[in-house]
Structures are given as structure tokens and as C-alpha cells.
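Reading the structure
For reference, the chains in residue letters:
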Amino acid sequence: MFRVSESICREEEGKGVSAIPVDDAGLCPLGRQFAALGRRYGFDYFLVSTFPKADKPEFSANILFCNWPHELKARYRTEDQFASSRLVARLKQSILPFQSDECVFTDGKDKDAEGGIAGAFRDFGMGASLAFAIHDSELAHYLFVFSGERAELDRQEIASFYFESLELLDNCSSRIAQKDGPREKLSAREIECLRWSAAGKSSDEIAIILSISSHTVVSYLKSAMRKLDSVNRMQAVARACRFRLL
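Residues numbered from 1 in each chain as written. Predicted model: local features only at pLDDT ≥ 70, side-chain atom pairs only at ≥ 80, totals over all residues. Heavy atoms only, no water.

**Re the overall build of the protein**
To be explicit about the condition: The helix count covers DSSP runs of H or I at least four residues long, the strand count covers runs of E at least two residues long, and both are numbered beginning at the N terminus. Note on classification: 1.4 Å probe, protein chains only; a residue is buried when its accessible area is under 20% of the maximum for its type, exposed when over 50%, partly exposed between these limits. In what follows, residue pairs with any heavy atoms lying within 4.5 Å of each other are defined as contacts.
Secondary structure assignment for the protein yields ten helices and seven strands. Per-residue burial for the protein yields a buried fraction of 44% across its 246 residues. Pairs at least 24 apart in sequence give 56% of the contacts found in the protein among residues at least 6 apart.

Structure (C-alpha cells):
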């Protein structure tokens, strides 16, 4: 059974933390509010996720709430086209909500559209979608997609739908905001080494700049990579920038 992140479906009770009950679709009360909003406008399915980033492109790493059929979610995670989808590409180009009567969750390169993942979305009654991106007060970037067989909404309906989504996000963003940050606090030296790496300096050059040995520079960078859960310096620099450490 698909469930949203435990960090979303948990709440504090005094000094302890308890799980918030979910329904048969795996939705906690917050998720059910998004589902109800979609139904009011004629959409049976919805997805709320964080916007995929270069170092976190996977569907499973970004999804917050979703009431898609379990088998469809499982297949989409396997054939993950989320970061390369037409949905993400379109919302990178424009801040305006958009509607489509085609599958927006694929990259459009499916040679066997009927038997492929795009066909699976249509088979489940997700032939049309309304999508938009929203930033919350902390500048976290979210992606909203409501899908079904609903006919195209007019401009006023879209405006009302968008505002209600914005209002709902504003009311609950503190609950769903992901605590993005390094697993451990980076030292001043580790941040310095990352900053010079971002400037294109080699370990030997950083050693001269900081008046330490190149071996020590490598040690600092390896420690920073571990704390940032990165496999190389480039990814560590990217994550440090995202966490606003540099």
C-alpha cells in the first residue's frame, strides 16, 4: 500500500510523536483535503510533489500526496520519467497553469503509446490534466497536477482552482515542508573547501589558498560529501548550494 512520507503523516503530542491515521488510499487528512479540492472541480486523481531538482529527480523522492491507483504508481516509479516529463518541462518554461488532454507524465518518446505508460494513465481515466507550480512562503517549490476526464476549465475556473490550491498550501505548508539539509553540520573548513571547489579549484590549489596540505583538503571534501550524502564533489557542491551553505 502506498503511503506518503512519514514526516508528513506524523504529528507531535507533547514530547512524543504519533502517526496520523491514513485512509484506504494511503492519504492522511492533509492528503484528503487535496483530493476533495480536486473532486470539487471534477478531477478524480491528484498529485502534489516537490519540484524535481538535478540531484533529486526521482518520482519517489519528490512525491508528497497522491491518490493514483497503486499499480499505476508502482509502474511509474519503475519507468520513472518524472524529471524528463512534459509536465516538468512545461512548468520550467512558464509559471502559468496549463491544461492538456494528453498524458503529461511521460517524456513523449513512448513508441508504443497504447501499451506503454501513457496508455496506462488513459486506461485509469487520467486522460486530461490541469497542472501548475507554486512556491510557499519559504520558497519551497511544489508541483500540483489534477487529472481525470474533466472537460477543459475556463479561465475563471482555473483562477479559482489555483487560488484555492494556493490557500490550502499556505495553510499546511509548515506541515508538509521537507526539512532539507545535510545529515550533519558541516565545519567551516569543509564549507571553505566546497566553496573553492565550486570556483573550479583543484585540491592542490585549495591547499595553497588555505595553507594546508592537499591530503587535508581531500579529507575535508570527503567528509563534506559524506554529510551531504553525495557520490562526488560536483554533487556535494550542488547540494551545498541548494541548502544555501555556499
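Moving on from the model shown.
**A look at the nonpolar core**
Condition: Only buried residues count toward a nonpolar core, which is a set of Ala, Val, Leu, Ile, Met, Phe, Trp, Tyr and Cys residues joined through side-chain atoms within 4.5 Å.
Counting 26 residues, the largest nonpolar core has L47, W68, L87, F105 and F121 as the members making the most contacts within it. Setting aside chain neighbours within four positions, we find L87 in contact with F82, F98, V104, F105, A131, L143 and V145. In terms of nonpolar packing, the next biggest core, distinct from the first, is built from 25 residues, F132, I134, I158 and L168 among them.

**Re the packing of helix α7 (residues 188-198) against helix α8 (residues 203-210)**
Defined as follows: Helix axes are fitted to C-alpha atoms over the stretch in contact, other axes to C-alpha atoms as well, and angles between N-to-C directions run from 0 to 180 degrees. For classification purposes, angles smaller than 35 degrees are called roughly parallel, those larger than 145 roughly antiparallel, those between 65 and 115 roughly perpendicular, and all remaining angles oblique. Crossings are sorted by hand: turned counterclockwise from the far helix by less than a right angle, the near helix makes the crossing left-handed, and turned clockwise it makes it right-handed. Side-chain classes are defined by residue name, with Ala, Val, Leu, Ile, Met, Phe, Trp, Tyr, Cys and Pro counting as nonpolar, Asp, Glu, Lys and Arg as charged, and the others, Gly among them, as polar.
At a minimum axis separation of 10 Å, α7 and α8 run at an interaxial angle of 125°. Taken together, the axis directions place α7 and α8 in an arrangement best described as oblique. In this structure, α7 meets α8 at a crossing whose hand is right-handed. Note on element contacts: α8 touches α7 through I206, I209 and L210, opposite R189, E192, C193, W196 and S197. When the residues that make up the contact of α7 with α8 are grouped by side-chain class, the tally is five nonpolar, one polar and two charged.

**Considerations on the packing of aromatic side chains**
To keep it simple, the criterion reads: Only rings of Phe, Tyr and Trp enter the pairing, Trp through its six-membered ring, and a pair is recorded when the two centres are within 6.5 Å. The plane angle decides the type: under 30 degrees is stacked, over 60 is edge-to-face, the rest tilted.
This model, assessed by the stated rule, comprises 20 aromatic pairs. Among the aromatic residues, those joined into a ring-pair cluster are F34, Y41, F43, F46, F65, F132, F144, F146, F161 and Y162.

**A short note on the side chain of S165**
The topology assignment puts S165 in helix α6 (residues 155-176). You can call S165 buried: its relative accessible area is 0%. Apart from the residues within four sequence positions on either side, S165 is in contact with L37, F132, I134, F144 and F146.

**Regarding the environment of V88**
Looking at the element boundaries, V88 is found in helix α4 (residues 86-93). With a relative accessible area of 1%, V88 lands in the buried category. Spatially, the C-alpha atoms of V88 and F132 are 9.7 Å apart, while their sequence positions differ by 44 residues. Apart from the residues lying within four places of it in its own chain, the contact partners of V88 are F51, P52, F82, A83 and L143.

**Regarding the confidence of the model for the protein**
The cut-off we apply is this: Per-residue confidence from the predictor is given as pLDDT, running between 0 and 100.
Per-residue pLDDT for the protein has a mean of 86; in total, 85% of the residues score no lower than 70. Within the model, pLDDT remains below 50 along residues 1-20, and this stretch shows 42 contacts once partners closer than five positions in the same chain are excluded.

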